[in-house]
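# Observations on the model geometry
Spelled out, the chains give:
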Amino acid sequence: METSDENQINKIVFSDEVQSAIEQVLQSTDPLDSPDFNTIDYINQLFPTEQSLSNIDDVITKMETEVTSIDDHIRSVVRSQSNTGQDGLAALQEAQKVIVQLFSQIVEIKTRAERTEDMVREITRDIKQLDCAKKNLTSAITTLNHLHMLVGGVESLIKLAEKRQYGELLNPLQAITEVNQHFQQYTDISQIKELSNEVDQIHRKLASQITEDFHSAFTGSNATKMSLSQLSDACLVVSVLDSRVKQDLLKWFINLQLQEYMQLFHENQDIAWLDKIDKRYAWLKRHLLDFEDKYGKVFPLDWEVSERITVQFCTATRDELSKVMSKRRNEIDVKLLLFAITKTSTFELLLAKRFSGITLNSEKSAETTTDGNNAEVQSPFLDLIGVCFKPYLDIYTDSIDRNLSEIIERFVQDSKIAFDPIINNSTVFPSCADLFVFYKKCIVQCTQLSNGKPMYDLALIFKKYLREYASKILEFKIPKVTTVHSSLGTSMSMLTKDLQNLSTAAGQVIHSLLKEGETLRYTKDELVRICCILTTAEYCLETAQQLEEKLKEKVEPIYSEKIDLSNEKDIFHRIISNCIHLMVQDMESGCEPALIVMSKIQWQHINNVGDQSPFVNSLITHFKLTIPIIRDNLSSSRKYFTQFCHKFVNSFIPKYITTLYKCRPTNSQDGTNNIMGCEQLLLDTHSIKTVLLDLPSIGSSVNRKAPASYTKVVVKGMTKAEMIIKVVMAPIVPATGFTEQFLKLLPDSSFTEFHKILDMKGLRRTDQTQLVELLKRNAPKEMVVEMGQLSSLASSNSPEEKGHIKKLEKLIKKRLPN
């Protein structure tokens, strides 16, 4: 039996193309026909188990039968191919004979084709000659006709021109002009050149004659005037002549039409000043109506004479206004300037509706307001006169500056009157809305004047008075702490009432401690004012953002990137943060007396656990009195109320834990380990935790769930306070168990906090060393690193101090249990 290596050597490998062809012919699914046939895999497939070997004889018989069948098929194929060579040779000889016959036929066809081509060439030669002759004859006849027309037409034109019969002259003139253009290629012929010169001479004569006719018609005596019909025909003739003739004629005629205007509104005349600018525009309206009524039919429509008169009027008006304003600049005030600009803008809009602007230059008429596809075309009449006012728009912006200064001063005076959000139905000062309404009106007005530098200057003025509003109105109104909050006295009275069960001496001590803890607080009205300042600053912040976007949208692109209100928005951000800080500070001040009482209580002497301590009641009362005021007045600024609550608990909880460290709920020095004080502290801490979790909705009829982020802060901070108390409750003996309890309950604490907890248990510092060393051995790496930093501080002591420290450590080791 051959090995698998031998099979690989004897295996015939076909290329991919051959294999693909075989598969297309055979189209077999038999694994024996597969190109990657593997005998071992095939045998394993036939006999997958030992039991299947019982059929081996049948399989071998079947395969022998298939082999025999294949051999028979191969023999028949070989026999059938034995005569193939002889048949192929006979077929090849037959094909060669056919090719020879085909070649002879092709040669014969080619010869016939060449003879046919010669015959066609002979036939078409005569046709081409006839066609060329026809073209030449047609050209000669056409030229002859043109020449006859030119010769006869010149004489006719001269006669018609002399008689001023422009209506009859028009058509021959157009024809002669076109014919003359045709003969320009034959000007080397003297006769043709002479005729061409005569045509040019007729053109010049007509131009001069018609110009004289117009001058005579509009400025001469009645005897020499031509009829309007003749003038109309003359205009049609001018359209055929050189374009400069039309231009010169229109220039003279338009100047003639505006001659009266230039005299009436000369810069030396009173009527030429800005206060009577509307009379200029009224004059043009009347004149155009009069002109179109009298001479509208004289000039062709495509001459656009009315529009040309209007354009010349606008140009002259712009120049005259520029001169007169330059000489009398000191007399221009903002009221007069806006009057002139408004009248001019209205007049330009009227012209934009009346005329297309086709007579203006292409750049002006193609001016677009957008740079995309399907751009909107702006009329070239807009700002055609108004551009003369742009150098004087600083008068407008200076006026806005003065107006805003007066407005801010008025706001300052109004701010001295107490603001009641209930009466105004809003916690936002109405002055800020008035300020931004004025800003909006200024933007609309300035957009009509100019969206260039004046708009940018306006933005700078807006920035200036946003800062002034922030400083003179908002920051100035922030109250200073000058009074004692009334709720503090209420809290004290409630505390004293809760302490009636104590002895008289103890009650007096508590009462005196409360008086020592009194701090200056905001009144209710002052808290409301702070909330109003916050909401107003928020409104200003949001509106300033919209203002910045609107200014960038309206101003020209060259100034857009320069407009930046980020500094002003930062100011309002700072005011909001300051208001929140002041409210948090006020809340902390209200909590301070209760925390002082908490630190002064002799917790180690408490023998039974009752309800929550009076200082807790004081805190709850303080929260119930203060939080609703802030919440109600920040109802429109919920996110900042939530931020206030966050900041308060982030500040209060560390202070509470600091106060907790000052308490001495147990005393290990006298041999007792009374944990009643700890249990009372744990109860009080849990009560404060519950109140803090409900702080955002305390005193509210609607119980809204506090934000998850806020709840997380409270739970984390107050849970640490509870764990501190539980560690203090744990016995020191055995020391290993105590340190393990500390690490388990306060895994993120430090050695400093461990010392504070030992102080809460009443252990002297000298007795704490063994516990610290034990903690050091079991503490995480981070805590040990901190201990090393503390040790490095201790190493800076003098040798004498180090000796005392070693003696104290020995004493502690003796006193502390193992």
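Keep in mind the model is a prediction, meaning the values are calculated, not measured. (Residues numbered from 1 in each chain as written. Predicted model: local features only at pLDDT ≥ 70, side-chain atom pairs only at ≥ 80, totals over all residues. Heavy atoms only, no water.)

Turning next to the overall build of the protein chain. The secondary structure content of the protein chain amounts to 32 helices and zero strands. Taken over 818 residues, the protein chain has a buried fraction of 38%. Partitioning the contacts of the protein chain with sequence separation of at least 6, the portion at a separation of at least 24 is 78%. (Helix = DSSP H or I, 4+ residues; strand = E, 2+ residues; numbered from the N terminus. Buried < 20%, exposed > 50% of the residue type's maximum accessible area, 1.4 Å probe, protein only. Contact = heavy atoms within 4.5 Å.)

Right, let's talk about the packing of aromatic side chains for a bit. Counted under the stated rule, the structure contains 33 aromatic pairs. Taken together, the ring pairs in this structure connect Phe214, Phe218, Trp252, Phe253, Phe291, Tyr295, Phe299 and Trp303 into an aromatic cluster. Over the ring of Trp273 we find Arg328, and its NZ or CZ is 4.0 Å from the ring centre. (Phe/Tyr/Trp six-rings, centres within 6.5 Å; stacked < 30°, edge-to-face > 60°. Lys NZ or Arg CZ within 6 Å of the ring centre and 35° of its normal.)

What follows concerns the side chain of Ser613. Note that Ser613 resides in the loop between α23 (566–600) and α24 (614–633). A distance of 2.4 Å separates a polar atom in the side chain of Ser613 from a polar atom in the side chain of Asp684. Once you skip the residues sitting within four places of it in the chain, Ser613 turns out to touch Trp603, Gln680 and Asp684. (Polar contact = N/O pair within 3.5 Å; in protein donor to acceptor, adjacent residues only side chain to side chain.)

If you look at the biggest cluster of nonpolar residues, it comprises 182 residues, and the most contacted ones within it are Phe623 and Leu692. Ignoring anything within four residues of it in the chain, the contact list for Phe623 reads Met587, Cys591, Pro628, Phe648, Val691, Leu692, Leu695 and Ile698. (Core = buried A, V, L, I, M, F, W, Y, C linked by side-chain atoms within 4.5 Å.)

Glancing now at the side chain of His622. One can find His622 in helix α24. Engagement of the side chain of His622 in a polar contact is seen with the backbone oxygen of Met587, the distance being 3.0 Å.

It is worth spelling out the environment of Glu549 at this point. Within the secondary structure, Glu549 is located in helix α21 (residues 524–554). Measuring from C-alpha to C-alpha, the distance between Glu549 and Asp564 comes to 9.5 Å, with 15 residues separating the pair along the chain.

There is a patch of nonpolar side chains on the surface, built from Leu53, Ile56 and Ile60 and spanning about 230 Å² of accessible area. Relative to the elements of secondary structure, Leu53 occurs in the loop between α3 (39–46) and α4 (56–80). (Patch = residues over 30% accessible without salt bridge, like charges linked within 9 Å, V, L, I, M, F, W, Y side chains within 5 Å. Areas by Shrake-Rupley, 256 points an atom, 1.4 Å probe, with all protein chains shown as cover. Salt bridge = Lys/Arg side-chain N within 4 Å of Asp/Glu carboxyl O.)

One can describe the packing of α23 onto α24 by two numbers: an axis separation of 9 Å at closest approach and a directional angle of 170°. Between α23 and α24, the angle is such that the two are roughly antiparallel. Between α23, through Met583, Asp586, Met587, Gly590, Cys591, Ala594, Val597 and Met598, and α24, the contact on the second element is made entirely by Phe615, Ser618, Leu619, His622, Phe623, Thr626, Ile627 and Ile630. (Axes fitted to C-alpha atoms, helices over the stretch in contact; angles between N-to-C directions. Parallel < 35°, antiparallel > 145°, perpendicular 65-115°, else oblique.)

With that settled, the discussion passes to the packing of helix α12 (residues 305–327) against helix α13 (residues 334–354). Here α12 crosses α13 at 155°, and the two axes come no closer than 12 Å. As judged from the angle between their axes, α12 and α13 are roughly antiparallel. The two elements α12 and α13 meet at a crossing, and its hand is left-handed. From α12, Ser306, Thr310, Phe313 and Cys314 reach across to α13, where they touch Phe347, Leu351 and Arg354. Tallied by class, the residues present in the contact of α12 with α13 amount to four nonpolar, two polar and one charged. (Left-handed = near helix turned anticlockwise from the far one by under 90°. Nonpolar A, V, L, I, M, F, W, Y, C, P; charged D, E, K, R; others polar.)

The subject of this paragraph is helix α11 (residues 277–295). The end-to-end C-alpha distance of α11 is 27 Å, a good match for the 27 Å that 19 residues give at a rise of 1.5 Å each. The complete set of buried residues in α11 reads Ile277, Arg280, Tyr281, Trp283, Leu284, His287, Leu288 and Phe291. Buried residues of α11, seen end-on, are gathered within an arc of 150° and therefore sit on one face of the element. Relative to its buried face, α11 has exposed residues pointing more than 90 degrees away, namely Arg286, Leu289 and Asp293. (Expected span 1.5 Å × (residues − 1). Arc of directions from axis to C-beta.)

This next bit is on the pattern of salt bridges. Taken as a whole and assessed by the stated rule, the structure comprises 28 salt bridges. Overlapping salt bridges bring together Glu267, Glu320, Lys323 and Lys327 as one network.

Okay, the state of the cysteines next. Considering all chains together, one arrives at zero disulfides under this definition. With no disulfide of its own, Cys446 lies closest to Cys442 among cysteine sulfurs, the gap being 8.5 Å. Here Cys678 is not cross-linked by a disulfide; its sulfur's nearest cysteine counterpart is in Cys663, at 9.8 Å. The exposure class assigned to Cys678 is buried, which follows from its relative accessible area of 0%. (Disulfide = S-S within 2.5 Å.)

Once that is clear, we can look at the confidence of the model for the protein chain. Looking at the protein chain, the pLDDT average stands at 79 and 77% of residues meet or exceed 70. Long-range and interchain partners of residues 1–9, a stretch whose pLDDT sits below 50, account for three contacts in this model, where long-range means more than four residues apart. (pLDDT = per-residue confidence, 0-100.)

A few words now on unusual backbone geometry. For Glu304, which is not glycine, the phi torsion reads 50° and is therefore positive. Its place among the elements puts Glu304 in the loop between α11 and α12. Even without being a glycine, Asn425 presents a positive backbone phi close to 55°. The residue Asn425 is located in the loop between α16 (421–424) and α17 (430–449) in this model.

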